Amino acid sequence: MNFINKLNAAWAANDSLLCVGLDPDVERLPAQFRGSPDGIYLFCKEIIDATADLACAFKPQIAYFAALGAEQQLEKICAYLRGKHAHIPLILDAKRGDIGATAKQYAREAFDRYGADAVTVNPYMGFDSVEPYMEWQDRGVIVLCRTSNPGGSDLQFLEVDGKPLYQHVARLVADKWNTNGQCALVVGATFPQEIAQVRALVGEMPLLIPGIGAQGGDIEATVRAGRTDAGTGMMINSSRAILYAASQGSEDFAQAARRVAHETRGAINVHR
Ligand SMILES: O=C(O)c1cc(=O)[nH]c(=O)n1[C@@H]1O[C@H](COP(=O)(O)O)[C@@H](O)[C@H]1O
């Protein structure tokens, strides 16, 4: 099943637009996982099992693994997801962007090494830097458009031909790059007005929307701006607010993650 079909199926099966982000910061892991050679994997595995029926996608962020030389644990997490929760899309958050020959290697990393259903990429270097990912026609290519961070405005808000740059990215991806129907866009929950602008430009294209939870994005405004007529169209990501939901020592971390994931899915669904 290709990425878009798998996403549609997961939206329906779990009645969820919530993407659970896997950003395992060793400093914040419960004590039993710190210092253990497989600790990151084991922590993420418990989070995954605690939230798999509440999520429409899982999104591991590669930097948390690469910084520690812990790619083998990421490989194990991806293999576990593909085996035990094969119906939930696996998005590798890598935000790659490079010349075509190098992009091909990044695509092999995301799709062959980690077996991801989709990967995040940066459009700054243009179509030939994104095209290599599209050779994997059954996978998703999720292009940064209007990112959630304040500094995203430095470039993405620059006016070009009377429109902010992020709108050109949205149009370019929707009208030209998405030849195989496998693209999605990243738009931050911290900018609901821009989510609405992007939705108006790209029709039903799925949007990956990080920025609720730890970054403070407004769930109601996000959902109202980004939903499609079918009440779907979004992968609304939360990472730290779910991973580190347990208050110091007083609550089991996996139960706390489940509680917050459940509340977040509910808060999203109220406005769909
Ligand atoms: O591509 C992303 O996932 C992404 C894009 C963006 O504009 N903003 C953003 O926060 N992200 C990622 O989404 C996650 C947000 O994490 P929390 O703020 O902890 O929910 C991190 O893994 C970020 O790298």
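Residues numbered from 1 in each chain as written. Predicted model: local features only at pLDDT ≥ 70, side-chain atom pairs only at ≥ 80, totals over all residues.

An unreviewed UniProt entry annotates the protein as Orotidine 5'-phosphate decarboxylase of Pseudoduganella flava. According to UniProt, the comment filed for the protein under the heading Catalytic activity (unreviewed entry) is "orotidine 5'-phosphate + H(+) = UMP + CO2". The Sequence similarities (unreviewed entry) comment attached to the protein in UniProt states, word for word, "Belongs to the OMP decarboxylase family. Type 2 subfamily." (UniProt positions renumbered as here; feature names shortened; annotations may be inferred.)

This part takes up the UniProt feature "active site" (unreviewed entry) in the protein. Here, the residues flagged by UniProt with the feature "active site" (unreviewed entry) are Lys95. For Lys95, the position within the fold is in strand 3 (residues 91-96). With near-sequence residues (within four places) excluded, Lys95 lies in contact with Thr120, Val121, Asn122 and Leu144. (Helix = DSSP H or I, 4+ residues; strand = E, 2+ residues; numbered from the N terminus. Contact = placed C-beta atoms within 7 Å.)

This next bit is on the site of the ligand. Residues in contact with the ligand amount to 21 residues; listed here are only the nearest, Thr147, Ser148, Pro210, Ser239 and Arg240. Residue assignment for the shell around the ligand shows that the elements contributing at least two residues are strand 3, strand 10 (234-238) and helix 11 (240-243). (Near = placed C-beta within 6 Å.)

What follows is about the sheet that holds strand 2 (residues 57-60). Strand order across the open sheet formed by eight strands is 2-1-10-9-8-5-4-3, with parallel pairing between neighbours. The open sheet terminates on both sides in strands that have one partner only, identified here as strand 2 and strand 3. Strand-to-strand twist across the sheet, computed as the mean angle between neighbouring axes with direction ignored, equals 30°. Looking at chain direction, strand 5 (residues 140-146) and strand 8 (residues 183-187) are connected through five bridges and run parallel. Its bridge partner being in strand 8, Arg146 is matched across the sheet by Val187. Relative to strand 3, helix 5 (residues 100-113) is tilted by about 160°, and along the sheet it contacts strand 3 and strand 4 (118-121). (Pairing = 2+ DSSP bridges. Axes fitted to C-alpha atoms, helices over the stretch in contact; angles between N-to-C directions.)

To continue, consider the packing of helix 2 (residues 39-51) against helix 12 (residues 253-269). Two numbers describe how helix 2 lies on helix 12: the axes approach to 9 Å, and their chain directions differ by 40°. On the basis of the axis angle, helix 2 is oblique to helix 12. The way helix 2 lies across helix 12 gives a crossing that is right-handed. Where helix 2 abuts helix 12, its residues Glu46, Ile47, Ala50 and Thr51 lie against Ala254, Ala257, Arg258 and Ala261. The class makeup of the residues in the contact of helix 2 with helix 12 is five nonpolar, one polar and two charged. (Parallel < 35°, antiparallel > 145°, perpendicular 65-115°, else oblique. Left-handed = near helix turned anticlockwise from the far one by under 90°. Nonpolar A, V, L, I, M, F, W, Y, C, P; charged D, E, K, R; others polar.)

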